[in-house]
Amino acid sequence: MPQQPDSAVHEARIAGVAVDTRHWIGGRRVASADTFPDLSPIDGSTLARIARGGPTEAEAAVAAAKAAFPGWAATPRAERARILHAIADGVEKRLEELAIVETTDNGALLRSHRRGVMPRVARNFRFFADRLPALGHEDFTTHTGGPAAPGHTNHVSWDPAGPCVLITPWNAPLMLATWKVAPALAAGNTVVLKPAEWSPLTASLLADIAAEAGLPPGVLNVVQGHGAEIGDDLTSHPDVRRIGFTGSVATARRIAASAAPNLTPLSLELGGKSPLLVFADADLELAVDLAVEQFDNAGQVCLAATRLLVEESIADAFTERFVAKAARLRQGDPREEATDIGPTIHPRQIERIDGFVRRAVAAGARVVFGGGSHARLGGLYYRPTLLTDVAQDSEVVQEEVFGPVLTLQTFVDEAEAVHLANDTRFGLAATLATGDHRRAERVTAQLVAGTVWVNCFFVRDLRAPFGGSRLSGVGREGGAWSFDFYCDLKNRVLAPKGFHDHG
Ligand code: NAD
């Protein structure tokens, strides 16, 4: 039965914070006839009913973005930068609210949202605002009549591209959304953002913050909905000039097919099956810490090094220390300061993760640590898990689990380590633990990965390119690369003659 657009239905109260669960299109709230439930992973309760968008909302949002584009593209860069900084101010002002809403909605640790994630959301806006003055142009001269003759001037500019559709996943919702929204807006584009249906709330708060910061209506639109129901109409739309997507390989393939008739440029940040290579010459405690860190966010991290590749001579010592450290991790309510690992996003995801583990065991794997979900926590918290005796060509080694499940394999020498590391269809990241600088140089040169960390993990600089090879994605974002994607480059060639001199 269609829902009436009254405010009681369309406002959720999450830990005291009011969140409007309708779309945000053309600077106003828009209801849908249908809604879908949004569950909290913490206890499985229904937090809100969210507007369920479809073709009508997709069309309206793209139309709003198209209508707002000329005005925003013509807005001086300094003014765009000022508004982006005002959005960052708004994020900082409402940081505590954003943190508690995000934790309630996606189950990641409140302390991480407070200290790491939400400050990074603000930084995403400041970073791209601050880069605007350096955003091209470039001038050079072409001499067609010999070096002494007057030359043609080439003037290259980075121009706004048009309406961008940005589609994002549930594991780090606002951080990943603003990683795309900020450069797209900074470059002078307008945006239709479609957050994931399992964690849709903070995107709605972002719309409020952006409006309060003075972003004109239609420049940022937020539509809610289930995957393809609204996604196909967004990604196949002829007025959309860029599609920025972060999510799974399966969805990326569908989006690429949908975008193909219009040849809409895509940036795809996808999954991974990244390795952590531990050599016998590594600092063992550091290597174990790096391995245990892979359980952060309950393993729901695209970059996670889920394949531990350990030199055979230290494998027993490594495993013993790993199990001792992992056993000290406290799993429970992500709002509590002492918690190390929270829940898994959704009951369906628990089933999926457990399916991987059960099939691996049936194929001969040994569960060294963990396995299954905690009954005492209502079955919503999958235990950190370590599997050994896994074959390189097995499903659990080759496919992304996207949960707190690591595999451990051994190698005898550097060549075997590199072979195992590269032998999947992914290429997002790799981590290396070694005490030998020359080995680090040799091995990092051979690894297929968009980011390689040596004796560290997850250190991110917004100036660096981010993305993956093979099935981990297409293109790079971050720093100058974001602007390359979200801009149209134009070269104007001016002849040295032919102008009338009007004095
Ligand atoms: P998903 O592909 O299921 O969904 C991502 C988004 O796509 C959601 O908003 C969803 O509604 C939307 N979507 C689904 N079908 C669509 C369609 N046909 N058209 C348009 N949109 C559609 O991914 P997920 O389960 O939300 O996220 C987990 C995946 O994301 C993992 O594979 C993970 O590795 C990946 N990820 C990658 C990065 C990265 O930067 N490389 C970062 C985080 C997550």
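Criteria and cut-off values
- Residues numbered from 1 in each chain as written.
- Predicted model: local features only at pLDDT ≥ 70, side-chain atom pairs only at ≥ 80, totals over all residues.
- Heavy atoms only, no water.
- Helix = DSSP H or I, 4+ residues; strand = E, 2+ residues; numbered from the N terminus.
- Buried < 20%, exposed > 50% of the residue type's maximum accessible area, 1.4 Å probe, protein only.
- Contact = heavy atoms within 4.5 Å.
- Areas by Shrake-Rupley, 256 points an atom, 1.4 Å probe, with all protein chains shown as cover.
- Lys, Arg positive; Asp, Glu negative; His and termini not counted.
- Charge placed at Lys NZ, Arg CZ, Asp CG, Glu CD.
- Pairing = 2+ DSSP bridges.
- Axes fitted to C-alpha atoms, helices over the stretch in contact; angles between N-to-C directions.
- Parallel < 35°, antiparallel > 145°, perpendicular 65-115°, else oblique.
- Left-handed = near helix turned anticlockwise from the far one by under 90°.
- Nonpolar A, V, L, I, M, F, W, Y, C, P; charged D, E, K, R; others polar.
- Phe/Tyr/Trp six-rings, centres within 6.5 Å; stacked < 30°, edge-to-face > 60°.
- Lys NZ or Arg CZ within 6 Å of the ring centre and 35° of its normal.
- Near = heavy atom within 4 Å.
- Polar contact = N/O pair within 3.5 Å; in protein donor to acceptor, adjacent residues only side chain to side chain.
- Domains from an automatic or database assignment.
- 1 Å grid on protein atoms, 1.4 Å probe; cavity = no way out; pocket = protein on both sides within 12 Å on 5 of 7 lines; lining within 4 Å.
- Points joined across faces, edges and corners; volume = space filled by probe spheres on them.
- Salt bridge = Lys/Arg side-chain N within 4 Å of Asp/Glu carboxyl O.
- UniProt positions renumbered as here; feature names shortened; annotations may be inferred.

A. Seen up close, the overall build of the chain. Secondary structure assignment for the chain yields 16 helices and 24 strands. With the C-alpha coordinates aligned to their principal axes, the bounding extent of the chain is approximately 85 × 70 × 40 Å. Each of the 503 residues in the chain was classed as buried or not, and the buried ones make up 56%. A sequence separation of at least 24 residues applies to 71% of the contacts in the chain between residues at least 6 apart. Summed over all atoms, the accessible surface of the chain reaches about 20300 Å², with 54% contributed by carbon and sulfur. Positive and negative side-chain charges in the chain, numbering 50 and 59 respectively, have mean positions lying 2 Å apart.

B. Quick look at the pairing of strand β2 (residues 17-20). With four bridges connecting them, strand β1 (residues 11-14) and β2 associate as antiparallel partners. When the bridges of β2 are listed, Ala12 appears paired with Val19. Connecting the antiparallel pair β1 and β2 is a turn made up of two residues, with Ala15 showing a positive phi of about 50°.

C. Region of the structure containing the packing of helix α10 (residues 284-292) against helix α11 (residues 315-326). As a packed pair, α10 and α11 sit with axes 9 Å apart at the nearest point and diverge in direction by 55°. In terms of orientation, α10 and α11 fall into the oblique class. Crossing hand, α10 versus α11: right-handed. From α10, Leu284, Glu285, Ala287, Val288, Asp289, Ala291 and Val292 reach across to α11, where they touch Ala317, Phe318, Arg321, Phe322, Lys325 and Ala326. Of the residues that constitute the contact of α10 with α11, the class distribution is nine nonpolar, no polar and four charged.

D. Molecular detail of the packing of aromatic side chains. The tally for this structure, following the rule as stated, stands at twelve aromatic pairs. On the numbers, 5.9 Å between centres and 55° between planes, the contact of Phe295 with Phe322 is tilted. Highlighted residues: Phe295 in the loop between α10 and β15 (307-311) and Phe322 in helix α11, separated in sequence by 27 residues. In this pair, the class of Phe295 matches that of Phe322, namely buried. Taken together, a centroid distance of 4.8 Å and an interplanar angle of 75° make the contact between Phe485 and Tyr486 edge-to-face. One exposure class covers both Phe485 and Tyr486, and it is buried. Taking the ring centre of Phe356 as reference, the NZ or CZ of Arg359 above it sits at 5.2 Å. In this arrangement the basic side chain of Arg460 is found over the ring face of Trp179, its NZ or CZ atom lying 5.2 Å from the centre.

E. Representation of the site of the ligand in the model. Lys194, Glu197, Ser248, Leu270 and Glu400 are the nearest of the 29 residues found near the ligand. Contacts to the ligand include Ser248, whose side-chain N or O atom sits 2.6 Å from an oxygen atom. A distance of 2.7 Å is found between an oxygen atom of the ligand and a side-chain nitrogen or oxygen belonging to Thr251. In isolation the ligand has 850 Å² of accessible area, and contact with the protein removes 90% of it. Those elements that place two or more of their residues in the shell around the ligand are α8 (227-235), β12 (242-246) and α9 (249-259). Per-element accounting of the shell around the ligand gives the leading share, four residues, to α8. Here the shell around the ligand spans two domains, and each of domain 1 (53-270 + 468-490) and domain 2 (275-454) adds at least three residues to it.

F. Summary view of empty space enclosed by the protein. Tallied over the full model, the rule gives four cavities of 30 Å³ or more. Each pocket or cavity is described by its volume, and for the largest cavity that value is around 70 Å³. Of all the elements in the fold, those that place two or more residues in the lining of the largest cavity are α14 (414-422), β19 (426-427) and β20 (429-433). Classifying every residue of the lining of the largest cavity gives nine nonpolar, four polar and three charged.

G. Structural detail: the pattern of salt bridges. The full count for this structure, using the stated rule, is 32 salt bridges. Of the charged contacts, one joins Arg463 and Asp461 as a salt bridge, the two residues approaching to 2.6 Å between their closest N and O atoms. Exposure remark for Asp461: the relative accessible area of 32% places this residue in the partly exposed category. Linked by salt bridges that have partners in common, Asp20, Arg22, Arg29 and Asp208 make up one network.

H. Inspection of the UniProt feature "active site" (unreviewed entry) in the chain at higher detail. UniProt marks Glu269 with the feature "active site" (unreviewed entry), using the numbering shown here. When you line up the elements, Glu269 lands in strand β13 (residues 266-269). The class for Glu269 is buried, based on a relative accessible area of 5%. Apart from the residues lying within four places of it in its own chain, the contact partners of Glu269 are Trp179, Lys180, Phe245, Thr246, Gly247, Phe466, Ser472 and Glu477. For Glu269, the side chain forms a polar contact with the side chain of Trp179, separated by 3.4 Å.

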